Amino acid sequence: QAQLVESGGGLVQAGGSLRLSCAASGRTFSSYTMGWFRQAPGKEREFVARVTGSGITTRYADSVRGRFTISRDNAENTVYLQMNSLKPEDTAVYYCAGTYGLRITPEAYNYWGQGTQVTVSS
């Protein structure tokens, strides 16, 4: 069973950048599709991006496409989310999650980290 720990959140001004990391335990990390989700206060958890086990195929939410980049390093059991041109509406708790398959709904993901807060000031 994978355990996930996010880091890299913080406070940044609009237009700035942050890189989130998610470190995974376990020996089967490369078998998982890894995703990033976010949840703002009063809103449902939403899909941000996901990357397949090989790291070759990615998918993004329309709201972040062109600004965020998901990547992974299977040798380090880590997945990243590079966030550029941040906007105040990107403010949320960001979660990494793992699943088998290619779905992007939160219900499809079996393993979750504890989340890291990202706050973008205007």
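Structure shown above.
An account of the accompanying structure is given in this report. All values derive from a computational prediction rather than experimental measurement. Here the residue numbering is sequential within each chain, running from 1 through the sequence in written order. Local features in this predicted model are restricted to residues of pLDDT 70 or higher, and side-chain atom pairs are both shown and tallied only at a pLDDT of 80 or more, whereas totals for entire chains, interfaces and linings draw on every residue. Heavy atoms throughout the structure, all of them, feed into the side-chain values; hydrogens and water do not.

### A few points about the pattern of salt bridges
Pairing between side chains of opposite charge can happen when their charged atoms approach one another.
(1) Moving on: Each reported salt bridge corresponds to a side-chain nitrogen of Lys or Arg within 4 Å of a carboxyl oxygen of Asp or Glu. On inspection of all chains with the given rule, the structure shows 4 salt bridges.
(2) Moving on: In this structure, Asp 90 engages Arg 67 in a salt bridge whose closest nitrogen and oxygen atoms are separated by 2.8 Å. One end of the pair, Asp 90, is in the loop between β8 (78-83) and β9 (92-99); the other, Arg 67, is in the loop between β6 (58-60) and β7 (68-73), with 23 residues separating them in the sequence. The residues Asp 90 and Arg 67 share a single accessibility class, namely buried.
(3) Moving on: The structure contains a network of salt bridges with shared partners spanning Arg 38, Glu 46, Arg 67 and Asp 90. Under the DSSP-based scheme used, a helix requires at least four consecutive residues in state H or I and a strand at least two consecutive residues in state E, with every element numbered from the N terminus. Any residue under 20% of the maximum accessible area for its type is buried, any over 50% is exposed, and the rest in between are partly exposed; the area is computed with a 1.4 Å probe on protein chains only.

### Side note on the side chain of Ser 21
(1) Moving on: Within the secondary structure, Ser 21 sits in strand β3 (residues 18-24).
(2) Moving on: Residue class for Ser 21 comes out buried when judged on its relative accessible area of 18%.
(3) Moving on: We call two residues in contact whenever any of their non-hydrogen atoms come within 4.5 Å of each other. In this view, Ser 21 contacts Val 5, Glu 6, Ser 7, Trp 36, Thr 78, Val 79 and Tyr 80; residues no more than four positions away in its chain are not counted.

### Quick word on the state of the cysteines
(1) Moving on: Any two cysteine sulfur atoms within 2.5 Å of one another count as a disulfide. Going through the model one piece at a time under the given rule, you end up with 1 disulfide.
(2) Moving on: One disulfide bridge connects Cys 22 with Cys 96, the sulfur atoms lying 1.9 Å from each other. The sign of the S-S torsion, about 50 degrees, decides the handedness of the disulfide formed by Cys 22 and Cys 96: right-handed. In this pair, Cys 22 is assigned in strand β3 and Cys 96 in strand β9, connecting sequence segments 74 residues apart. As far as burial versus exposure is concerned, Cys 22 and Cys 96 are alike and both buried.

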